[in-house]
Amino acid sequence: MPWLVWLLAAAALGAAEFFTLTLVFGLLAGAALVAAVVAGVGVGLLGQLIAFGAAAAAGLLLIRPVALRQMARVPLVRDGSDALVGKRAEVTKEVTASRGLVRISGEEWSARALDESLVIPVGAVVDVMEIEGATAVVYPRELLP
C-alpha cells in the first residue's frame, strides 16, 4: 500500500511540473517513482525515504543543470524564414530600396536592397541579409558597375 502513496505523490508532483515548468517538480516526481518501486519490492519506510532522497538529490544536482544548459542553447538548425538568412539568391526583377524580386532556393520572394542607394539589376547574385515579413532584404555579393 505505501507504493500507492508514492505513485499519488509522483502524479501530484508531475502535475505541478506541468504548470510550473521549473524542472524541479518533475525530477521530484521521478524520485517518487523510484521510492514507489522500492516500496513495491518490500523495503521499509526508511529505505523508501533514502531512495527518494538519493534520487531527488541526483536529479536536482546532476540532471537539472545539464537540462537547463541544453534548454538555454540556441538551436543549431534554423527553420522557417530564419533559415533563409545568409543564403544566396538571384535577382529576377530589379531590386531597389522599395521593391524587387529574388529567387531563393527555388522560390520567388519580394525583396528590397539593404543599401537604399543601390539598384541591383536582373541576374545579379545577392546575399539575404534578413527577412522582414515576406520581404527579403538583400545585398549584392559583388560590386555593381
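Presented here is a report on the structure given in the accompanying data block. The shown structure was predicted, so the numbers you read here are calculated from the model rather than taken from an experiment.

Any pair of aromatic rings gets described here by the distance separating the centres and the angle formed by the planes. Applying the stated criterion to the full structure yields 2 aromatic pairs. Seen from their ring centres, Phe-18 and Phe-19 are 5.2 Å apart, and the 80° between their planes marks the pair as edge-to-face. The same class applies to Phe-18 as to Phe-19, namely exposed.

On to the sheet that holds strand E4 (residues 125-132), then. With respect to topology, 5 strands assemble into a closed barrel ordered E1-E2-E3-E5-E4, the strand pairing being mixed. Taken pair by pair, the neighbouring strands of this sheet meet at an average axis angle of 55°, ignoring direction. Looking at chain direction, strand E2 (residues 101-104) and strand E3 (residues 107-113) are connected through 4 bridges and run antiparallel. By the bridge assignment, Val-102 is partnered in E3 with Trp-109.

The rules behind the values
Residues numbered from 1 in each chain as written. Predicted model: local features only at pLDDT ≥ 70, side-chain atom pairs only at ≥ 80, totals over all residues. Heavy atoms only, no water. Phe/Tyr/Trp six-rings, centres within 6.5 Å; stacked < 30°, edge-to-face > 60°. Buried < 20%, exposed > 50% of the residue type's maximum accessible area, 1.4 Å probe, protein only. Pairing = 2+ DSSP bridges. Helix = DSSP H or I, 4+ residues; strand = E, 2+ residues; numbered from the N terminus. Axes fitted to C-alpha atoms, helices over the stretch in contact; angles between N-to-C directions.

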